[in-house]
Amino acid sequence: MEEQRYNPFDGTLAGSFTGHPHRDPLTAETHAVAYDGRVWDSVRHVVLAPSGQVVRDVPVAVAHGPCIHDCAITARFVIVLDLPVTFSFRALLAGYRFPFRWNPDHGARVGLLPRQGEGADILWCAVEPCFVFHTANAYDDADGRVILDVIAYGTVFTSPGGGLDTPGRLERWIIDPSTGRVERRVTDPAAQEFPRIDERRLGQRHRYVYTVSVPADGNTQLAGATQLYKHDLETGERHVHDFGPDHVPGEFVFVPARTGSGEDEGWLVGLVIDTARDATDFTVLDARAFDAPPVARVRLGHRIPPGFHGNWFPARAPA
């Protein structure tokens with residue numbers, strides 16, 4: 001019988017964690033940037049060893065209690081996104097479950113923390129005010145710059161009740177540690193979210209990013225958003241898989257076809273809500289035949305909430 005349990009990494013986790021840890025395929029370490037709404041003056045870089053125990057927990061000084069939903073890693077750095085969404089007492093006292101709001105007085109910056117460095121070693125690089133929920137990937141280029149692909153929003157949570165103000169778009173940020181400058185380039189202005197890659201390329205140069213269309217009005221139920229995108233960052237092409245009317249896809253995760261297969265050689269798996277049936281299909285696409293009909297569907301007899309997302313872990317080999 002399967003069960004779900006909470007385990008603070010065998011008691012080695014002292015504090016909060018994150019919904020978006022990233023496993024380095026080259027070292028098998030798992031990296032996280034963790035924040036806690038009760039702690040306003042620092043966030044933490046947390047590293048798990050392959051054994052599943054915390055081996056690094058380093059505080060990084062910040063102000064105002066920023067919301068840091070995701071991070072990224074390269075061979076040299078952990079990327080800390082300190083952006084203008086911070087803890088709001090006003091939202092808390094008003095009874096909102098998510099007490100974070102847009103804070104124009106909080107500067108926007110990207111931190112490059114050396115992977116074995118202390119908090120004081122972080123290099124902060126100013127960026128135009130914006131917000132990022134999810135990163136796709138990052139890597140170090142041949143010129144010593146950091147390349148970071150993200151879904152970026154102009155503003156979020158500016159109203160008292162919160163909510164998304166404008167949809168996110170796929171951007172490439174080019175961060176130069178020698179000058180401290182961040183150049184933002186729009187890869188695709190279409191409304192989209194939930195970027196994923198072949199995670200065997202995590203922290204290394206990647207070619208493909210897979211994203212999900214979202215409504216231009218920011219509807220959190222994703223009504224009318226029926227498309228999945230595949231971005232080829234070498235050619236600039238965007239391929240589209242449209243699931244058709246009454247079908248709302250969520251985040252799709254890449255699964256390699258086999259050990260040693262090439263990037264994009266494998267399957268994309270995800271959940272697609274069938275609004276007419278009020279049910280969900282677990283759907284499998286051939287990543288290299290992206291426009292083709294799904295190769296498999298598993299009918300689920302209930303509706304899984306839109307935006308539900310997670311990771312793929314292959315089954316362990318028998319002992």
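Everything below is about the structure shown above.
### Some remarks on the nonpolar core
Counting residues in each nonpolar core, the largest one holds 32 residues, and the members touching the most others are Ile 79, Leu 148 and Trp 173. Elements supplying a minimum of two residues to this core: strand E6 (77-82), strand E7 (85-87), strand E8 (100-102), strand E9 (109-114), strand E11 (131-140), strand E12 (146-153) and strand E13 (169-176). The dominant element in this core, judged by the number of residues it contributes, is E12, at 6 residues. Excluding its chain neighbours within four sequence positions, the residues that come into contact with Ile 79 are Val 33, Cys 71, Ala 72, Thr 74, Val 110, Gly 111, Leu 112, Ala 138, Val 146 and Leu 148. Grouped together as the second largest cluster of nonpolar side chains are 15 residues, Val 60, Val 62, Ile 122 and Ala 136 included.

### Details of the sheet that holds strand E22 (residues 296-300)
Read across the sheet, 4 strands follow the order E19-E20-E21-E22 without closing on themselves; strand pairing throughout is antiparallel. Because the sheet does not close on itself, it has two edges, and the strands there are strand E19 (247-256) and E22. Going across the sheet, the axis of each strand differs from the next one's by a mean of 20 degrees, ignoring polarity. Both strand E21 (residues 279-286) and E22 contribute to a ladder of 5 bridges, which runs antiparallel. Bridging from a neighbouring strand, Thr 283 pairs with Arg 297 of E22.

### Here's the deal with the pairing of strand E14 (residues 181-188)
Sheet analysis places E13 next to E14, joined by 7 bridges and oriented antiparallel. The residue bridging Trp 173 from the neighbouring strand is Arg 184, located in E14. Counting the residues in the hairpin turn of E13 and E14 gives 4 residues, including Gly 180, whose phi is positive at 75 degrees.

Cut-offs applied
- Residues numbered from 1 in each chain as written.
- Predicted model: local features only at pLDDT ≥ 70, side-chain atom pairs only at ≥ 80, totals over all residues.
- Heavy atoms only, no water.
- Core = buried A, V, L, I, M, F, W, Y, C linked by side-chain atoms within 4.5 Å.
- Buried < 20%, exposed > 50% of the residue type's maximum accessible area, 1.4 Å probe, protein only.
- Helix = DSSP H or I, 4+ residues; strand = E, 2+ residues; numbered from the N terminus.
- Contact = heavy atoms within 4.5 Å.
- Pairing = 2+ DSSP bridges.
- Axes fitted to C-alpha atoms, helices over the stretch in contact; angles between N-to-C directions.

Remember that the coordinates give geometry; whether it matters functionally is a separate question.
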